[in-house]
Amino acid sequence: MKKFLLMTFLIFAVSFQISYAKQELIEASGNYIMDLKADETFATATARAREEAKRAATEKAGVYLQAYSKTVNLELDYDEVQTVAASLLKIQDEKVDSKSLDNGLLEVIVTIKALVEEQDEETLKNIMSDEQRIKDATDRYKKLQAEYDELKNQMEQLKQNYRAADDSQKAEIKKSIAQNNKYFEAFLALEEGNNAYFSTNYQQAISDYSRAININPNFAEAYNNRGNANVMTKNFQQATQDYQNALRLNRVDARIYNNLGSVYYMLKDYNSAVREYTNSINLNPNFETAYVNRAYAYYYLEQFQNALSDSKIVLKLNPANEDAKKLYNYLIKKVQ
């Protein structure tokens, strides 16, 4: 019996060899209004403006990639296009400008030139061939963008509060602004780790995720992502610790339980794997991947009826799931 293992890894879990058909240079700008009175630094303001420019470039790259995908008969939805486009962008050049505004405000403008590297038909199809993996990758990208939006909105609110505050309140608000900048720095390290992971440079990804954790020791997503990278380098002990730390900080994320379960699975500790997959399913009763994983763990425990039951659930959730089909077809004969 062939062993099949699915894992809900972070964004950019698809491994492939890149072959380029052509290259497209995209120019985009982003800006950020910094408040000099609130002790914002020019370096952080530049980083925030650069992130806005990268978002704009990703939008342009997405339009380009969407048009190309249609020529090879691949219909990608908007979020999938953005996920792939963000991964293919490489900044080639950057220009930073600034201009003074009223009331101690300074606008920082960053203009980037980024290269989007177009994939040939075979490579692009390989990227999209595993629907579960691209779904997971897209979910991670959306989560990353939501984190960015939250930090951005919090900062805008803090600066509004600062401008309306009296002198006795401003010192505390400045501390909150500094903390937001710290979390933003951790976000950038996480983003760099994701890009390294996508490029299958797992050691670099581990280094970037570690940097994010050093900046923000309460960053559950960075622990989870570093766990994924440690799995890819077969450092299962460290991966286990990373997932456990992620769960210490976030006990309501079904992905993390599933990932921890998959480490136990690879270590052939199937009872522990079943326990963590069950925790994952309890949090998300429609988590297809966790059901598949638990079904195979049950199989290796020779709990064939449980394995058959889980495979049936998966096929109800997704009749096209090939792993569940294979296990179901094997077990339906075995338990009769």
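Residues numbered from 1 in each chain as written. Predicted model: local features only at pLDDT ≥ 70, side-chain atom pairs only at ≥ 80, totals over all residues. Heavy atoms only, no water.

Undergrad: Could you clarify how one ought to interpret the nonpolar core in this entry?
TA: Side chains that are nonpolar tend, in soluble globular proteins, to be buried together. Residues Phe184, Phe187, Tyr243, Tyr265 and Leu331 are the most contacted members of the largest nonpolar core, which totals 57 residues. Excluding residues that lie within four positions of it along the chain, phenylalanine 184 makes contacts with Ala47, Arg48, Glu51, Tyr148 and Leu151. Ranked by size, the runner-up nonpolar core spans 30 residues in total, among them Ala49, Val84, Leu89 and Ile112. (Core = buried A, V, L, I, M, F, W, Y, C linked by side-chain atoms within 4.5 Å. Buried < 20%, exposed > 50% of the residue type's maximum accessible area, 1.4 Å probe, protein only. Contact = heavy atoms within 4.5 Å.)

Undergrad: Looking at this structure, I do not really get the environment of arginine 140. What am I missing?
TA: Its place among the elements puts arginine 140 in helix H4 (residues 131-164). It is 8.8 Å that separates the C-alpha atoms of arginine 140 and threonine 83, two residues lying 57 residues apart in sequence. (Helix = DSSP H or I, 4+ residues; strand = E, 2+ residues; numbered from the N terminus.)

Undergrad: How should unusual backbone geometry be read in this particular structure?
TA: Excluding glycine, a negative phi dihedral is what most residues carry, and trans is how most peptide bonds are arranged. Backbone geometry places aspartate 39, a non-glycine residue, at a positive phi of 65 degrees. With respect to the helices, strands and loops of the structure, aspartate 39 is situated in the loop between strand E1 (20-35) and helix H1 (42-71). Phi at glutamate 302 takes a positive value of approximately 60 degrees, unusual for a residue other than glycine. When you line up the elements, glutamate 302 lands in the loop between helix H11 (288-300) and helix H12 (304-317). Residue glutamate 302 is classed as exposed on the basis of its relative accessible area of 59%.

Undergrad: What is the right way to look at the packing of aromatic side chains in this model?
TA: Any pair of aromatic rings gets described here by the distance separating the centres and the angle formed by the planes. The tally for this structure, following the rule as stated, stands at 10 aromatic pairs. Between tyrosine 197 and tyrosine 202 the ring centres are 5.2 Å apart and the planes differ by 70 degrees, which places this aromatic pair in the edge-to-face class. With a relative accessible area of 13%, tyrosine 202 lands in the buried category. Ring centres of tyrosine 299 and tyrosine 330 lie 5.9 Å apart, and the angle between their planes is 80 degrees; this geometry places the pair in the edge-to-face category. (Phe/Tyr/Trp six-rings, centres within 6.5 Å; stacked < 30°, edge-to-face > 60°.)

Undergrad: Hey, could you run me through the packing of H11 against H12 in this one?
TA: Two packed helices can be described by the angle between their axes and the distance between those axes. At their nearest, the axes of H11 and H12 sit 8 Å apart, and the two run at 160 degrees to each other. It follows from the interaxial angle that H11 and H12 lie roughly antiparallel. In the packing of H11 onto H12, the handedness of the crossing is left-handed. Counting all contacts with H11, which are made through Glu288, Tyr291, Val292, Arg294, Ala295, Tyr298 and Tyr299, the residues of H12 involved are Phe304, Asn306, Ala307, Asp310, Ser311, Ile313, Val314 and Leu317. (Axes fitted to C-alpha atoms, helices over the stretch in contact; angles between N-to-C directions. Parallel < 35°, antiparallel > 145°, perpendicular 65-115°, else oblique. Left-handed = near helix turned anticlockwise from the far one by under 90°.)

Undergrad: What is the right way to read the side chain of threonine 83 from this model?
TA: Looking at the element boundaries, threonine 83 is found in helix H2 (residues 78-88). At a separation of 2.9 Å, a polar atom in the side chain of threonine 83 contacts the main-chain carbonyl oxygen of aspartate 79. (Polar contact = N/O pair within 3.5 Å; in protein donor to acceptor, adjacent residues only side chain to side chain.)

Undergrad: Even after reading the chapter, I still don't get the pattern of salt bridges, so can you show me in this structure?
TA: Two side chains with opposite charge may pair up if their charged atoms get near one another. For the structure shown, the criterion picks out 21 salt bridges. Lysine 174 is paired through a salt bridge with aspartate 39; the nearest N and O atoms lie 3.2 Å apart. Here aspartate 39 lies in the loop between E1 and H1 and lysine 174 lies in helix H5 (residues 167-198), a separation of 135 residues in the sequence. A salt bridge links lysine 54 to glutamate 191; its shortest N-O distance comes to 2.9 Å. Of this pair, lysine 54 sits in helix H1 while glutamate 191 sits in helix H5, and the two are 137 residues apart along the sequence. A relative accessible area of 23% means that lysine 54 is categorised as partly exposed. Taken together, the shared-partner salt bridges in this structure form one network comprising Glu40, Glu156 and Lys159. (Salt bridge = Lys/Arg side-chain N within 4 Å of Asp/Glu carboxyl O.)

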